[in-house]
Structure formats: C-alpha cells, structure tokens
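If you want the building blocks of each chain, they are given just below.
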Amino acid sequence: MKNEYEINNDGINIYLTLFVKSHPIGKILLSIFTLTLIILLIYIASTSSIKDEPQSVFGIIIFGAFIFFVPFRYLLWNLFGKEHLIINTKTLSYNRDYGIYRTNLKTKYHERLGLGIEYTRTFENIEYGNLIFNTYNKDSDLPELLYSTSINLELKKINNIENEIEKLYDIGIDENIEFSKASLN
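Residues numbered from 1 in each chain as written. Predicted model: local features only at pLDDT ≥ 70, side-chain atom pairs only at ≥ 80, totals over all residues. Heavy atoms only, no water.

A. Structural context of helix 3 (residues 155-166). In a regular helix each residue adds 1.5 Å, so twelve residues correspond to 16 Å; helix 3 covers 16 Å between its end C-alpha atoms and thus fits that length. Those residues of helix 3 that are buried lie in contact with strand 1 (4-9), strand 2 (14-19), strand 3 (82-87), strand 6 (113-123), strand 7 (126-136) and strand 9 (153-154). (Helix = DSSP H or I, 4+ residues; strand = E, 2+ residues; numbered from the N terminus. Expected span 1.5 Å × (residues − 1). Contact = heavy atoms within 4.5 Å.)

Structure, rendered in structure tokens:
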C-alpha cells in the first residue's frame, strides 16, 4: 500500500488531499465480486413475478441497497478514493471523494489544535498510521477528537504533514502531548 498525499499552503489554510493507492489485484477481485452481485440482483429482479410475490420487491430493494452501500462504495473508494482536508488556526474541514460523488464538506471549530498519530501497522519495516486531529475542551482542557483520517500513510509522510501544519501557528503545536493510541471508531 503506497498511499500518497498532496499538500498546498496559502499562508492561511493548508489544503491536504490523501489518495488511496490500492493493489491492482485487490481492485480486480473486488470489481469481479461487485459485478457478480449486480448481475445476481438483475437476474433475481428479472425472474421474480411481482404479481405472484409482491413482497419480493422489498427484498430486491434491500439487496440492491446492500450492494450500493457496501461492496460498490468500497470498490469506488479503492479505485478513486480521496480525502480532502482544509486546516487553519480556527477550523478543520473535511470530505471524502469516491470518484462519482463526494460527501458534504463538514467543518469543525477548534480553539487549540492537537495532532497525533494512530499507529495501524508495520509492513516491510515501514510503520503506517492515521493522522488524528484533536481539540481541547474549553472547560476541562481534555482532548476531544475532531477527525481521524481513514487513509493510512507512512509515518515519515505524516511527520511532513505535521510540520506543514505547525507552520500555520506562531507558537507551534505542543509536541510533548501524547494521545491515546486507541481508536474511538
């Protein structure tokens, strides 16, 4: 897995895009599986008689929704998946791009931004992880999760991203703060 990123800085905002780079064999197998499910759905829909079995329409709709929301969406993510983040000293905005559709841009406000890494795995002596964004509660100063990326990157790349984000702040981000390595998902 060689996921990549692109980062741009206009002095006020950092525009970060993370790209999914899946293995070609995985893409092919997932495409075949999804296509098989779609063909099965079409076959079931064309052979069922709505007059004789009106309740079969409900089952076909549920099966079609399952295909769209699980394997088809996962296929699109592995073919075209991108995560877009816009980071500044007041907000964090993010959305996901599946190639043919994008999720809505969500914006979360923060007083102080904290960065962390969620270690996910080691492969061929290279550590991978997700970038975690935290804010701090006004009343208790406890960290609260703002967003965690879903695309794994090499830790070296995550450190480069953190360095770019730190440039936005005059005082920088406190590197002595350690975040829990447990995922809230």
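B. Structural detail: the packing of aromatic side chains. Per the stated rule, a full pass over the model turns up five aromatic pairs. Arranged with centres 5.1 Å apart and planes meeting at 80 degrees, the rings of phenylalanine 68 and phenylalanine 69 form a pair that is edge-to-face. Judged by its relative accessible area of 35%, phenylalanine 68 is partly exposed. Judged by relative accessible area, phenylalanine 69 falls into the exposed class, the value being 52%. (Phe/Tyr/Trp six-rings, centres within 6.5 Å; stacked < 30°, edge-to-face > 60°. Buried < 20%, exposed > 50% of the residue type's maximum accessible area, 1.4 Å probe, protein only.)

C. Examining the sheet that holds strand 1 more closely. Taken in spatial order, the five strands of this open sheet run 1-2-3-4-5, and their pairing is antiparallel. Bordering the open sheet on either side are strand 1 and strand 5 (106-109), each of which pairs with just one other strand. With direction set aside, neighbouring strand axes in the sheet form an average angle of 15 degrees. Sheet topology places strand 4 (residues 91-97) next to strand 5; four bridges connect them, and they run antiparallel. In the strand pairing of strand 5, tyrosine 94 is matched with lysine 106. (Pairing = 2+ DSSP bridges. Axes fitted to C-alpha atoms, helices over the stretch in contact; angles between N-to-C directions.)

D. Highlighting the pairing of strand 8 (residues 143-148). Here strand 7 runs beside strand 8; their pairing, made up of five bridges, is antiparallel. Bridge pairing links phenylalanine 133 to tyrosine 147 in strand 8. The turn joining strand 7 and strand 8, which pair antiparallel and follow one another in sequence, is formed by six residues; a positive phi near 60 degrees is taken by aspartate 141.

E. Fine view of the pairing of strand 4. For strand 4, a buried count of six out of seven residues is recorded, marking the element as mostly surrounded by other parts of the structure. The pairing of strand 3 with strand 4 spans six bridges and is classified as antiparallel. Residue pairing in the sheet places lysine 82 in a bridge with aspartate 97 of strand 4. Between strand 3 and strand 4, which follow one another and run antiparallel, lie three residues.

F. Broad picture of the side chain of threonine 17. Mapped onto the elements of the fold, threonine 17 is located in strand 2. Side-chain polar atoms of threonine 17 contact the side chain of histidine 84, separated by 3.3 Å. Other than its neighbours up to four places away in sequence, threonine 17 contacts Glu4, Tyr5, Glu6, Lys82, Glu83 and His84. (Polar contact = N/O pair within 3.5 Å; in protein donor to acceptor, adjacent residues only side chain to side chain.)

G. Geometry of helix 1 (residues 24-47). The end-to-end C-alpha distance of helix 1, which contains 24 residues, comes to 35 Å, matching closely the 34 Å that a straight helix rising 1.5 Å per residue would cover. Where helix 1 is buried, its residues contact helix 2 (56-80).

H. Seen up close, the nonpolar core. Counting residues in each nonpolar core, the largest one holds 26 residues, and the members touching the most others are Leu85, Ile87, Leu92, Leu113, Phe133 and Ile165. Secondary-structure elements contributing two or more residues to this core are strand 2, helix 2, strand 3, strand 4, strand 6, strand 7, strand 8 and helix 3. Take this core: its biggest share by element is four residues, from helix 3. In this structure, leucine 92 is in contact with Leu85, Ile86, Ile87, Lys106, Thr107, Lys108, His110, Phe133, Leu146 and Tyr147, ignoring residues within four places of it in sequence. (Core = buried A, V, L, I, M, F, W, Y, C linked by side-chain atoms within 4.5 Å.)

Geometry only, nothing functional implied.
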